[in-house]
Amino acid sequence: MPYPLKESDELIFFVNGRKVTEKNVDPEVTLLAFLRKTVCLTGTKYACGRGGCGACTVMVSKHDPVSRKIRHFSVASCLVPICSLYEAAVTTVEGVGSIKTRLHPVQERIAKSHGTQCGFCTPGMVMSMYALLRNHPQPSEEQLMEALGGNLCRCTGYRPILQSGRTFCKEADGCQQQETGQCCLDQRENERPEKQCCADKAILLLPSIKMCTELFAKEEFQPLDPTQELIFPPELLRMAENPEKRTLTFSGERVTWISPGTLQDLLELKVKHPEAPLILGNTSLGPAMKSRGHFYPILLSPARIPELKMVTKTSDGLTIGAGCSLAQVKDILAESISELPEEKTRTYQALLKHLRSLAGQQIRNMATLGGHVISRHCYSDLNPILSVGKAALNLLSEDGPRQIPLNDHFLAGAVSADLKPEEILESVYIPHTQKWEFVAAFRQAQCQQNALPDVNAGMRVLFKEGTDTIGDLSVTYGGVAASTISAHKSCHQLLGRRWNERMMDEACRLLLDEISLPGSAPGGKVEFKRTLIVSFFFKFYLEVLQELRTQGSHRYPEIEHSPLSTLEDFPGTIPQGVQTYQRVDSHQPLRDPVGRPIMHLSGLKHATGEAIFCDDIPRVDKELFMALVTSTRAHAKIISIDTSEALQLPGVVDVVTAEDIPGTNGTEDDKLLAIDEVLCVGQIICAVVAETDVQAKRATEKIKITYEDLEPVIFTIEDAIKHNSFLCSEKKLEQGNIEKVFEMVDQIVEGEVHVGGQEHFYMETQRVLVIPTTEDKELDIYVSTQDPAHVQKTVSSTLNIPINRITCHVKRVGGGFGGKVGRPAVFGALAAVGAIKTGHPIRLVLDREDDMLITGGRHPLFGKYKVGFMNSGRIKALDIECYINGGCVLDDSELVIEFLILKLENAYKIRNLRLRGHACRTHLPSNTAFRGFGFPQGTLVTESCITAVAAKCGLPPEKVREKNMYKTVDKTIYKQAFNPEPLIRCWNECLDKSSFHSRRIQVEEFNKKNYWKKKGIAIVPMKFSVGFGATSYHQAAALVHIYTDGSVLITHGGNELGQGIHTKMLQVASRELKLPMSYMHICETSTATVPNTIATAASIGADVNGRAVQNACQILLKRLEPIIKKNPEGIWEDWVKAAFEQRISLSATGYFRGYKAFMDWEKGEGDPFPYYVYGAACSEVEVDCLTGAHKKIRTDIVMDACCSLNPAIDIGQIEGSFIQGMGLYTTEELQYSPEGVLYSRTPDEYKIPTITDVPGQFNVSLLPSSQTPLTIYSSKGLGESGMFLGSSVFFAIADAVAAARRQRDITEDFTVKSPATPEWVRMACADWFTEMIPRDDPKTFKPWSIPIA
Ligand SMILES: Cc1cc2nc3c(=O)[nH]c(=O)nc-3n(C[C@H](O)[C@H](O)[C@H](O)COP(=O)(O)OP(=O)(O)OC[C@H]3O[C@@H](n4cnc5c(N)ncnc54)[C@H](O)[C@@H]3O)c2cc1C
Ligand code: FES
Ligand code: FES
């Protein structure tokens, strides 16, 4: 019910300097929705809707009534309720700069530094950097990292984005390559690194080849001029000087927003509406209202009340207003720490430590201290510290003030210890610490930054004056129960004890007894969490011991095993790196762009938000919105579908079910809409069509489906094997005689490898807009896909109309990675059915949650190997059997298992080899194509096997790799001939550039000295085959028109996914036509201009389409030749004009028939791939054995790109795929419930790498002087191969873990499991803490999640 107070007030705020006055504003509308839908500023993107990705970042400027200054801060607009913007100025990417008027230096630099690929994250990145520069025109590198920590990018690997931001930083002028910060030119000659210094002007002279390390010209950047920025609107300043004191009310359809102007009014309103929450940052309320169905008809906003933002410093502590943002709290604490003696600030230091890693900058800018405390999330990072630090809550109501302790009763929500309904939290009092009091904070999350903690803790001890006798002790944990909990009993029992090892030992046992975590606890990871409970306490023990030692008056025991520094958290480092490539020949004409680092064609438009993605297309006349209804059961009969209640809802137009499909409903096994039976949770059953997206989504919740569960229900590979449940027949390759050779070898090892799946997490979720025309059943489909022809065909068969009536348009795709090859056809077809049924255009935009639930991803894998080898490390026989979890329908699973088997030998020549693969059918959403297509999972088995052999032979793994690698021209297991020379060169260069051998010695030295931290280093080789394995899949076409003004329009069959294919195509056309790229344009990929295209995938998009474009240009140039000959001094425009007058066609189709490729599985022979890409990567990591965290110290990649068409783009592909691979092998973990429901559906639950995950030093070099005659200008496709190189990080972690286990005398092998999450690492680094935790009998409880690989 709307609040029946009075008419709505006017909401006044500014967007990009323009005043917005909204009369009937709906409080449920977010700033993001307002920007995109109401004022059509579509530069700001939707990617998650929960504050977790930064794509929607904008800057908000507000007058701060306390400091009387203007505050500029970045926010996640998807969580900003529009009503909270009263008297605020919003700046979006459009307000920062434009290609039509003036580019802002931030926009120019991110584009020209090649910091954009698909460009979907770019506006958010720009806005985060812009907000930083508004506050700090010359930021430090730490500030830059902090500002970008909340922005995800799935394409670039972050390095170029950071590099662009770094051009604004104070330190940026120095040499970036020395960890010391000292420029290599300042060092003596014999101390200079082998690498190039940036001051050397980026040219490295090798004997005959010029290598280059500069991908853009920094000197050309326009300077930052802060005086050019938009000013804070004077009208808002006037309003702020004379603040409105009356209560403002904004009434929407369902919700009323009340914003009192005075504290007194707020207190009165709280009495009137005790159930109404106070809405501050909305970072807790917002996600709960969006995803957990929380609903509040009245929201009270105290945003205009200065009392809630006051900060008071007294002699005994700090009182911070509940309305201060966490970013402000961070600054306040930092200030106090700098002002006060160290002993008084220990609680503040602990809080500050966690505030650095809590969420991203946007969330810290929005979330308030009050909101954080009151939300009482079990994972809260601040509450455990506030609780042990004896913080108190200052409450207010009409009855007056009151103080309550922030203790565990409050945190558990006990009524007696809580706020009364009419009370509000005014401020939080945090006392100073005393001389003999120590406070520490701990947290462990899936990754270091921007990730909710698995477990955190606040710990405090107060010693009796001048002694080490415990006078008071508090230990509080988060993440281990429904709320933050304190270990009161344990602490009490330890009072009076001395701070020594016996106390520590007993404390651990008491804590484990008191904090009991059931085996079925929500969130899983139970044994890991139990281990952290004691590991954290151990860290605390050592930290305090160290403090006591520095305080000095007593003799305290030496800290055993390792220096204390090894217990510290990993410091955040600013990644550095060098990118090296071969310069084009000095004789190449300047106008010929091939081989040069040309910026992505859309780079500037990405940076200004002017690049149009599918959902940025303005609303078309009579457009309706579609939302999908999916199965909640894994395997069941559909008994009934009741749509009646949904159809009654306002705005709902129709519900589309299988019966509405005029043509075919998918295939027999893979239905577009389920009928009769569902095969997985997330299978689409029907779709609601409504006037708005909100109405359609609300209606989906009202559709009632009744099911009858069916047997069997299979989720895991283990169960699929038991039930003989497979999607296709076994794929097998074999050579030699493994059984016989197994009898002759020195040793045999058998092992198992588990590799988890991966979510594509393209930043742009699946989207489509279908526009039916009134004539001839024609349909225009705008879709985000890698394969428009497949969408076209599927829509044709679904609607039963000829293909020629359907035109698919793809302007650009916000990331695909294989996830937009098959599935977009389903969404396109469903939207098309809706369009035909209703006669309206239909827009379908998947929520992140739905996208992750429905679409499936990389196949999880279980591999077994048996390897026979000599003591020298020479492998004589190898038998590998792999099973992939294909999900419920075939999709691409057969192809994936075929490719996996074909690629499994990787770089190794093993004469007796058997490779077998099976695709399991389970009741999970179908897994599908994903960058690398089976190679990244499968080859992890091969490489793990090599590591195991090395361990048994007592050899370093790199020796065993080298020994077994292909060395001379040879044939693969499927008898394809190839020359491994570039592989060997990559390997040797990588060893050399990374100084591998000397660093291996340093790693060993480090490990000898450190018990609790271990370093690991690993180098992996790669032979990656590109292409589809079938000739017809390599064909490509292009259409090139020359217009009479001389301009050239190019279309080809490839889709722009961010990989820069359009840029490369213009480079090709420019060389062929001998014409600058500025004459040329690519509008879109369309099935009307180039028909029957092949999916842009398998790394060969630029290859094959480049050949087609080349062909078309050559045809045209041939036609123009006689004219040019006649008038050699003429210019292009003259020749074109003459050609037109002479009736010479200025339009040509180019065609490439494709590389020959085939595979005969019967014989196990073929020539399935046109060529191989070779590479090698070396990574070094440091692991914290107590928490499982790791830090990536350095990665060096050498890749054989042959003659790169565009080194900036190719290096971008290598870096981006490497980081994506690193995510696969370290943090990206999909969790399923025992009922087959995917839990990990948001960026909170699924962690892709962030900017802080980039290796501290990240060097990429392209192998010089390499040639492949087969491809366009001898270039190679690099889209996928880098993925696997991410495994070098995995093997480095495994190396560190193995070192820890050796030191602990654990001889038993550990099971190789990817991703190497902190949980896996911690539990594999077994020690007395992992031994002391209670273990549950798996038969006695139902786990929270199940492993499906
Ligand atoms: C993407 C993301 C990442 C995050 N990561 C982390 C993390 O790593 N670690 C962590 O600890 N937290 C994390 N959080 C949670 C975050 O810290 C909290 O959501 C936030 O602090 C809540 O503050 P808010 O101002 O947004 O509260 P709101 O959502 O506005 O309000 C939350 C609750 O507090 C009540 N409330 C607010 N102020 C008052 C008051 N003055 N008096 C009485 N009641 C009040 C409201 O009524 C409401 O019930 C994350 C959140 C997001 C969205
Ligand atoms: S869309 Fe707002 S943070 Fe992801
Ligand atoms: S460029 Fe960052 S997500 Fe694509």
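Residues numbered from 1 in each chain as written. Chains lettered and ligands numbered in written order. Predicted model: local features only at pLDDT ≥ 70, side-chain atom pairs only at ≥ 80, totals over all residues. Heavy atoms only, no water.

**Here's the deal with the packing of aromatic side chains**
The geometry of an aromatic ring pair comes down to the distance between the two centres and the angle between the two planes.
Step number 1: All chains considered together, the criterion is met by 38 aromatic pairs.
Step number 2: For the pair Trp499 and Phe537, a centre-to-centre distance of 6.2 Å together with 55° between the ring planes defines the contact as tilted. One end of the pair, Trp499, is in the loop between α16 (488-494) and α17 (501-514); the other, Phe537, is in helix α18 (residues 526-551), with 38 residues separating them in the sequence.
Step number 3: The exposure class assigned to Trp499 is buried, which follows from its relative accessible area of 0%.
Step number 4: Ring geometry for Phe1290 and Trp1320: centres 6.3 Å apart, planes at 20°, overall stacked. Here Phe1290 is found in helix α37 (residues 1287-1303), whereas its partner Trp1320 is found in helix α38 (residues 1318-1324), with 30 residues between them in sequence. As far as burial versus exposure is concerned, Phe1290 and Trp1320 are alike and both buried.
Step number 5: Here the aromatic cluster, defined as three or more aromatic residues joined through ring pairs, consists of Phe438, Phe463, Trp499, Phe537, Phe538, Phe540, Tyr541, Tyr1011, Trp1012, Trp1328 and Phe1329.
Step number 6: Here the guanidinium or amino end of Arg961 rests over the ring plane of Phe1291, the centre of that ring lying 5.3 Å away.
Step number 7: Lys1015 extends its terminal NZ or CZ atom over the ring of Phe1006, reaching a point 4.6 Å from the ring centre. (Phe/Tyr/Trp six-rings, centres within 6.5 Å; stacked < 30°, edge-to-face > 60°. Helix = DSSP H or I, 4+ residues; strand = E, 2+ residues; numbered from the N terminus. Buried < 20%, exposed > 50% of the residue type's maximum accessible area, 1.4 Å probe, protein only. Lys NZ or Arg CZ within 6 Å of the ring centre and 35° of its normal.)

**Here we look at the packing of helix α5 (residues 141-148) against helix α6 (residues 159-166)**
Step number 1: Packing of α5 against α6 brings their axes to within 10 Å, and their N-to-C directions diverge by 130°. Here α5 is positioned oblique relative to α6, judged by the angle of their axes. Our pair here, α5 against α6, has a crossing hand that is right-handed. Facing α5, whose interface residues are Glu141, Leu144, Met145 and Leu148, α6 presents Ile161, Leu162, Gly165 and Arg166.
Step number 2: Each residue belonging to the contact of α5 with α6 can be placed in one class, and the counts come to five nonpolar, one polar and two charged. (Axes fitted to C-alpha atoms, helices over the stretch in contact; angles between N-to-C directions. Parallel < 35°, antiparallel > 145°, perpendicular 65-115°, else oblique. Left-handed = near helix turned anticlockwise from the far one by under 90°. Contact = heavy atoms within 4.5 Å. Nonpolar A, V, L, I, M, F, W, Y, C, P; charged D, E, K, R; others polar.)

**Examining the site of ligand 1**
Step number 1: Contacts to ligand 1 come from 33 residues, most closely from Leu280, Thr283, Leu285, Thr368 and Asp381.
Step number 2: In the model, an oxygen atom of ligand 1 is placed 2.9 Å from a nitrogen or oxygen of the Leu278 main chain.
Step number 3: Contact between ligand 1 and Arg443: an oxygen atom at 3.2 Å from a side-chain N or O atom of the residue.
Step number 4: Contact with the protein chains removes 94% of the 970 Å² of surface that ligand 1 exposes when unbound.
Step number 5: Breaking the shell around ligand 1 down by element, the ones donating at least two residues are α13 (369-375) and β15 (424-431).
Step number 6: The dominant element in the shell around ligand 1, judged by the number of residues it contributes, is α13, at five residues.
Step number 7: Residue classes in the shell around ligand 1 are distributed as 18 nonpolar, eleven polar and four charged. (Near = heavy atom within 4 Å. Polar contact = N/O pair within 3.5 Å; in protein donor to acceptor, adjacent residues only side chain to side chain. Areas by Shrake-Rupley, 256 points an atom, 1.4 Å probe, with all protein chains shown as cover.)

**Let's talk about the pattern of salt bridges**
Step number 1: Tallied over the entire structure, the rule returns 75 salt bridges.
Step number 2: For Glu339, the salt bridge identified is with Lys313, shortest N-O distance 3.2 Å. Of this pair, Glu339 sits in helix α10 (residues 326-339) while Lys313 is found in strand β11 (residues 311-314), placing the two residues 26 residues apart along the sequence.
Step number 3: Of the residues examined, Glu339 reaches a relative accessible area of 48% and is grouped as partly exposed.
Step number 4: Note on Lys313: relative accessible area 41%, which makes it partly exposed.
Step number 5: For the salt bridge of Lys539 with Asp1184, the shortest nitrogen-to-oxygen distance reads 2.7 Å. With Lys539 in helix α18 and Asp1184 in strand β46 (residues 1172-1184), this residue pair connects regions lying 645 residues apart in the sequence. Both residues of the pair, Lys539 and Asp1184, count as buried.
Step number 6: Linked through salt bridges whose partners overlap, the residues forming this network are Lys732, Glu734, Glu739, Asp879, Glu881, Arg914 and Arg916. (Salt bridge = Lys/Arg side-chain N within 4 Å of Asp/Glu carboxyl O.)

**As for unusual backbone geometry**
Step number 1: Put simply, Glu711 and Pro712 share a cis peptide bond, and its omega is -10°.
Step number 2: When you line up the elements, Pro712 lands in the loop between β26 (704-709) and α22 (717-722).
Step number 3: Along the chain, Ser1314 connects to Pro1315 via a cis peptide bond; the corresponding omega equals 5°.
Step number 4: Take Pro1315: it is sitting in the loop between β49 (1312-1314) and α38.
Step number 5: Residue Ser1099 is not a glycine yet carries a positive backbone phi of 70°.
Step number 6: Among the structural elements, Ser1099 can be located in the loop between β42 (1085-1086) and α33 (1101-1126).
Step number 7: Its identity is not glycine, yet Arg1143 carries a phi of approximately 60°, on the positive side.

**What to know about the packing of helix α24 (residues 788-799) against helix α25 (residues 823-838)**
Step number 1: Running from amino to carboxyl end, α24 crosses α25 at an angle of 40°, the nearest separation of the two axes being 8 Å. Accordingly, the angle class assigned to the pair α24 and α25 is oblique. Judged by the twist between their axes, the crossing of α24 over α25 is right-handed. Across the interface between the two elements, His790, Val791, Thr794, Val795, Thr798 and Leu799 of α24 pack against Pro824, Ala825, Gly828, Ala829, Ala832, Val833 and Ile836 of α25.
Step number 2: Looking at the contact of α24 with α25 residue by residue, the class counts come to nine nonpolar, four polar and no charged.

**Let's talk about the sheet that holds strand β34 (residues 875-885)**
Hydrogen bonds between backbone atoms are what pair the strands of a sheet, whose relative direction is either parallel or antiparallel.
Step number 1: Strand order in the open sheet formed by six strands is β27-β35-β34-β33-β28-β49, with mixed pairing between adjacent strands. In this open sheet, the two edge strands, each paired with only one partner strand, are β27 (731-735) and β49. The average angle at which neighbouring strand axes cross in this sheet is 10°, direction not considered.
Step number 2: Of the strands in this sheet, β27, β33 (861-869), β34 and β35 (912-920) are in contact with helix α27 (residues 893-903), which crosses β35 at around 165°. (Pairing = 2+ DSSP bridges.)

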